[in-house]
Amino acid sequence: MRARRAVLRLTQHDLAQLAGVSERFVRFVEQGKPSVQLDSLVAVLETLGLELKVAARTSQAARAAGQPAENSAEQ
């Protein structure tokens, strides 16, 4: 996210205003804070022209049972 913001020549303040979130939130995301609000994160990503994708992966239980991961199941 930080790299994309730099390419777009936006400050953290600019990005926060465009996305409708606080500058503090942008800073937390860029620093890798482990807990952020999903709706706010999506707003920032959309502002940067990025998207969040969720894909299935093999869970620990599935690996133990010998089941393969679902292939490219984006939700």
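Residues numbered from 1 in each chain as written. Predicted model: local features only at pLDDT ≥ 70, side-chain atom pairs only at ≥ 80, totals over all residues. Heavy atoms only, no water.

Chemist: Give me the nonpolar core: which residues, what numbers.
Modeler: Ranked by size, the top nonpolar core spans twelve residues in total: L10, L15, A16, A19, V21, F25, V26, V29, L41, V44, L45 and L48. Secondary structure elements with two or more residues in this core: α2 (12–19), α3 (23–30) and α4 (38–47). (Core = buried A, V, L, I, M, F, W, Y, C linked by side-chain atoms within 4.5 Å. Buried < 20%, exposed > 50% of the residue type's maximum accessible area, 1.4 Å probe, protein only. Helix = DSSP H or I, 4+ residues; strand = E, 2+ residues; numbered from the N terminus.)

Chemist: Can you break down the packing of α2 against α3 residue by residue, with the values?
Modeler: Closest axis-to-axis distance for the α2/α3 pair is 8 Å, and the angle between their directions is 115°. In terms of axis orientation, α2 runs roughly perpendicular to α3. With respect to the hand of their crossing, α2 and α3 are arranged in right-handed fashion. Listed contacts from α3 to Q12, H13, L15 and A16 of α2 are E23, V26, R27 and E30. (Axes fitted to C-alpha atoms, helices over the stretch in contact; angles between N-to-C directions. Parallel < 35°, antiparallel > 145°, perpendicular 65-115°, else oblique. Left-handed = near helix turned anticlockwise from the far one by under 90°. Contact = heavy atoms within 4.5 Å.)

Chemist: Before we move on, could you go through α2 and cite the residues and values that matter?
Modeler: Listed in full, the buried residues belonging to α2 are Q12, L15, A16 and A19. Considered in projection along α2, the buried side chains sweep an arc of 100° and stay on one side of the axis. Along α2, the residues that are exposed and aim more than 90 degrees away from the buried face are Q17 and L18. Looking at the buried side of α2, the elements it contacts are α1 (2–7), α3 and α4. Remark: G20 follows α2 within two positions and exhibits a positive phi of approximately 75°. (Arc of directions from axis to C-beta.)

Chemist: Before we move on, can you summarise the pattern of salt bridges with the specific residues and values?
Modeler: Charged atoms that come close allow side chains of opposite charge to pair. Counted according to the given criterion, the structure contains three salt bridges. Here R2 makes a salt bridge to E30, at a shortest N to O gap of 3.4 Å. One end of the pair, R2, is in helix α1; the other, E30, is in helix α3, and 28 residues separate them in sequence. You can call R2 partly exposed: its relative accessible area is 45%. Judged by its relative accessible area of 12%, E30 falls in the buried class. Note that E51 is salt-bridged to K53, the shortest N-O span being 3.5 Å. By relative accessible area, E51 is classed as exposed at 59%. It is possible to trace a salt-bridge network through shared partners that takes in R2, R5 and E30. (Salt bridge = Lys/Arg side-chain N within 4 Å of Asp/Glu carboxyl O.)

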